[in-house]
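Survey of secondary and tertiary structure
Residues per chain, in single letters:
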Amino acid sequence: MGETVVGEARGSAPAWRGGFGRLWGAAAVSSFGDAVRVAALPLLATTLTREPLLIAAVSACGYLPWLLLGLLGGALADRVDQRRAMVAVDLVRGALVAAFALAVATGHASIGLLLVLAFALTSMETLFDNAATALLPVLVPPERLGSANSRLMTGQQLVKTVVGLPAAPLLLAGGAALPFATDAASYLLAAALVAPLRRVLPARPPRPAASTLRAEIGDGLRTLGGDRVLRGLCAATTLCNVGVASLVATLVLVSGRHLRLGDGGYALLLTAYGVGGIGGGLLATPLARRLGQARAVLLAGAGQILCLLVLGLAPGGLVAGAAFAVFGCLGMVWNVSSRTLMQRAVRRELLGRVSAAFRTCAVAGAPFGALLGGAVVRWWGPGAPPFLAAAFFALSVLALLPAVRAVAGGPAGESGDGSRLLTKKDTGGAGVPVSRSGQDASGDP
């Protein structure tokens, strides 16, 4: 049996008024603040220390908390009121970044304080992201999840690329503390947008009284490992992240030494990627309608392999920029489609835990990829990382094939709105199909 072509009903865009509009606004505001802070962090780090390992440690703090605390954050996200958790985390993060901005302004910032801040922000992100992951399917009907994901991700990418990154140097010109003060304000505004959602959220299902965090984390891991589609998607995303990390960690060398694009080459490629991501957000929903979500993911992964090969063989900046723009476009298609697939494959009460397990596995490959990228530059030169990334993407597509077959030809297949269906064998109940909805925390390939 072939996969149902229809991924989502036409005209099923989510309504802007109400919960989704507030969630979109909070995501856009946070994206702006994050873009400004991320641009300022490495520049500030270089003024606080000349030790390369300490500077690199700032980036490592963006991975380490997910490996240490990601599963715990997912279990907590399923236990607590997700809206309240998001508001509380944003208020605490806003206070921390505001305090750091004050330290920078008064000359009391240090590399140690910067490392603590980076670790603390990412640690709280493990709860916030998993709670946000579980919130969207509550606000949006199942047939509108694809469009909602597309609008959320496109809005974030648009604000980051068109507003946040260009604003960063202007804010830095006003003082080293200003980007961090702006980021603190963005956290507080995002919290204010999410707080009123209590009026539109349904009651949460009760949690078994004797359940423990350890048992709940195990439920999430078993769900991820026991579902053929989720397992394949997670494996594919992890391999993609290894390849992407190997390229991103060395992109400044690829652009400068291999492509010979000069000082502005790195920024050119990042801008091309961001613009391509915006286009991918617009393309994702109509592509899923035509192909189905699973085949859209597979097509995106295969297309990114070609983009990486072109990047490695590019004769100049124009071709390289075009290849990286298409790479970003297909990356957004992957993210939107894979997230929608997972939203429709996980029960609501497991969303946080499965999301955390998925994200932890996906992030685990990134540090390895970054080190591997540096090693291949040392052994084979600055032109090697695109080909290394292409090899990992090829492995990713192979890992994804069983998941695509499971969606396309399994006992349940896909329903008319693109959601997977459970039959008696899956649910232990009557033979009437039951739709499952959920949300993922996929990485960014």
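For every chain, the first residue of the written sequence is number 1, and numbering continues from 1 along that sequence. Note on the predicted model: pLDDT of at least 70 is required for a residue's local features to be given, and 80 or more for side-chain atom pairs to be given and counted; whole-chain, interface and lining totals, by contrast, use all residues. With hydrogens and water excluded, all non-hydrogen atoms of the structure serve as input to the side-chain values.

Helices and strands together make up the secondary structure of the chain, namely 16 helices and two strands. When burial is assessed residue by residue, the chain has 53% of its 445 residues classed as buried. Only heavy atoms enter the contact rule, under which two residues are in contact if any of them lie within 4.5 Å. Nonlocal contacts in the chain, meaning residues at least 24 apart in sequence, comprise 86% of its contacts between residues at least 6 apart. When the accessible surface of the chain is split by element, carbon and sulfur atoms take 67% of a total near 18700 Å². Put simply, DSSP marks the helices as runs of H or I at least four residues long and the strands as runs of E at least two long, and each gets a number from the N terminus on. Type-normalised accessible area, obtained with a 1.4 Å probe on protein chains alone, sets the label of each residue: buried when under 20%, exposed when over 50%, and partly exposed for intermediate values. The Shrake-Rupley method, run with a 1.4 Å probe, gives the accessible areas here. Residue values count only the displayed protein chains as cover.

We now examine the nonpolar core. Remark: nonpolar core denotes a set of buried residues (Ala, Val, Leu, Ile, Met, Phe, Trp, Tyr, Cys) joined through side-chain atoms within 4.5 Å. Counting residues in each nonpolar core, the largest one holds 53 residues, and the members touching the most others are L247 and L400. Elements with a minimum of two residues in this core: α9 (228–248), α10 (251–258), α11 (265–291), α12 (293–313), α13 (317–343), α14 (351–380) and α15 (385–409). In this structure, A26, M86, F100 and Y187 belong to the second largest nonpolar core, which totals 46 residues.

So, on to the confidence of the model for the chain. For the chain, the mean per-residue pLDDT works out to 78, and 83% of the residues sit at or above 70. Confidence of the predictor in every single residue is expressed as pLDDT, which spans 0 to 100. Low pLDDT, under 50, characterises residues 1–11; the stretch is placed with 45 contacts to residues that sit more than four places away or in other chains.

Another aspect to go through is the packing of helix α3 (residues 64–79) against helix α5 (residues 111–139). Lines fitted to the C-alpha atoms define the axes, with helices restricted to the stretch that makes contact. Angles between their N-to-C directions range from 0 to 180 degrees. At a minimum axis separation of 8 Å, α3 and α5 run at an interaxial angle of 35 degrees. Considering how the two elements wind past one another, α3 and α5 form a crossing that is right-handed. Between α3 and α5, the contacting residues are L64, P65, W66, L68, L69, G70, G73, G74, L76 and A77 on the first element and F119, T122, S123, E125, T126, L127, D129, N130 and A131 on the second. Side-chain classes are defined by residue name, with Ala, Val, Leu, Ile, Met, Phe, Trp, Tyr, Cys and Pro counting as nonpolar, Asp, Glu, Lys and Arg as charged, and the others, Gly among them, as polar. Its residues placed into classes, the contact of α3 with α5 shows ten nonpolar, seven polar and two charged. Crossing handedness is defined as follows: a turn of the near helix away from the far one that is anticlockwise and smaller than a right angle gives a left-handed crossing, while the clockwise case is right-handed.

Here we come to a nonpolar patch on the surface. Among the surface-exposed residues, L306, L309, L313 and F387 lie close enough to one another that they form a single nonpolar patch of about 380 Å² accessible area. Per-element tally for the nonpolar patch: the top contributor is α12, with three residues. With respect to the secondary-structure elements, L309 resides in helix α12. We classify L309 as partly exposed; its relative accessible area is 32%. Each patch is built from residues that are more than 30% exposed by relative accessible area and take part in no salt bridge. Like charges join if they lie within 9 Å; nonpolar side chains (Val, Leu, Ile, Met, Phe, Trp, Tyr) join within 5 Å. We define a salt bridge as a side-chain nitrogen of Lys or Arg found within 4 Å of a carboxyl oxygen belonging to Asp or Glu.

What follows covers helix α4 (residues 82–105). What a helix should span is 1.5 Å times the count of its residues minus one. Its 24 residues place the ends of α4 34 Å apart at the C-alpha level, agreeing with the 34 Å of an ideal helix rising 1.5 Å per residue. By the N-cap criterion, in which a side-chain oxygen at the helix start approaches the backbone nitrogen of a residue two or three places on, α4 is capped by D81, the distance to R83 being 3.0 Å. N or O atoms within 3.5 Å of each other form a polar contact, as long as, within protein, one can give a hydrogen and the other can take it, and as long as residues adjacent in sequence are counted only when both atoms are side-chain atoms.

Let us now look at the packing of aromatic side chains. Pairing of aromatic rings covers Phe, Tyr and Trp, the last counted by its six-membered ring, and requires centre-to-centre distances within 6.5 Å; plane angles under 30 degrees mean stacked, over 60 mean edge-to-face, and any other angle means tilted. Tallied over the entire structure, the rule returns six aromatic pairs. Relative to F180, the ring of F100 lies with its centre 5.1 Å away and its plane at 75 degrees, an arrangement referred to as edge-to-face. Within this pair, whereas F100 is found in helix α4, its partner F180 is found in helix α7 (residues 178–194), the two being separated by 80 residues in sequence. Each member of the pair, F100 together with F180, is buried. Both rings, one in Y273 and one in F324, keep their centres 5.6 Å apart while their planes meet at 50 degrees; by these two values the pair is tilted. Placement of the pair is Y273 in helix α11 and F324 in helix α13, with a sequence separation of 51 residues. Judged by relative accessible area, which is 5%, F324 ranks as buried. Taken together, the aromatic side chains of Y273, F324, F327 and F393 make up a single cluster linked through ring pairs.

Helix length check: α9 (21 residues) gives 30 Å between terminal C-alpha atoms against 30 Å at 1.5 Å per residue, within 8%. Counted residue by residue, α9 has 16 buried out of 21 residues, so it is predominantly covered. The residue sitting at the N-terminus of α9 and contributing the capping side-chain oxygen is D227; that oxygen lies 2.9 Å from the backbone nitrogen of V229.

With that settled, consider the pattern of salt bridges. Tallied over the entire structure, the rule returns seven salt bridges. The closest approach of N and O atoms between R93 and D90, which form a salt bridge, is 2.8 Å. Here D90 and R93 lie together in helix α4, a separation of three residues that amounts to about one turn. With a relative accessible area of 5%, R93 lands in the buried category. Salt-bridge contacts for R359 lead to D129; the nearest nitrogen and oxygen are separated by 3.4 Å. Pair noted here: R359 is in helix α14 and D129 is in helix α5, with a separation of 230 residues, a long-range link.

If you trace the backbone, G218 turns up in helix α8 (residues 213–226). Sequence separation of G218 and L71 is 147 residues, and the distance between their C-alpha atoms is 9.3 Å.

In this fold, L306 is placed in helix α12. Exposure remark for L306: the relative accessible area of 55% places this residue in the exposed category. For the pair L306 and A390, spaced 84 residues apart in the sequence, the C-alpha separation amounts to 7.7 Å.

To continue, consider the side chain of T122. On the secondary structure map, T122 appears in helix α5. Once residues within four sequence positions are removed from consideration, T122 is found in contact with C61, G62, P65 and W66.

Let us look at the environment of V80. Mapped onto the elements, V80 comes out in the loop between α3 and α4. Residue V80 is classed as partly exposed on the basis of its relative accessible area, which comes to 32%. On a C-alpha basis, the gap between V80 and A131 in space is 8.7 Å, while along the polypeptide they are 51 residues apart.

Mapping Q293 onto the fold places it in helix α12. In terms of polar contacts, Q293 uses its side chain to reach the side chain of S337, at 3.3 Å.

A few words now on the state of the cysteines. What we call a disulfide is simply a covalent bond connecting the sulfur atoms of a pair of cysteines. We call a pair of cysteine sulfur atoms a disulfide whenever their separation is within 2.5 Å. Tallying each qualifying case throughout the model produces zero disulfides. Counting only cysteine sulfurs, C329 is the nearest neighbor of C307, a cysteine outside any disulfide, at a range of 8.6 Å. C329 sits in the buried class, given a relative accessible area of 15%.

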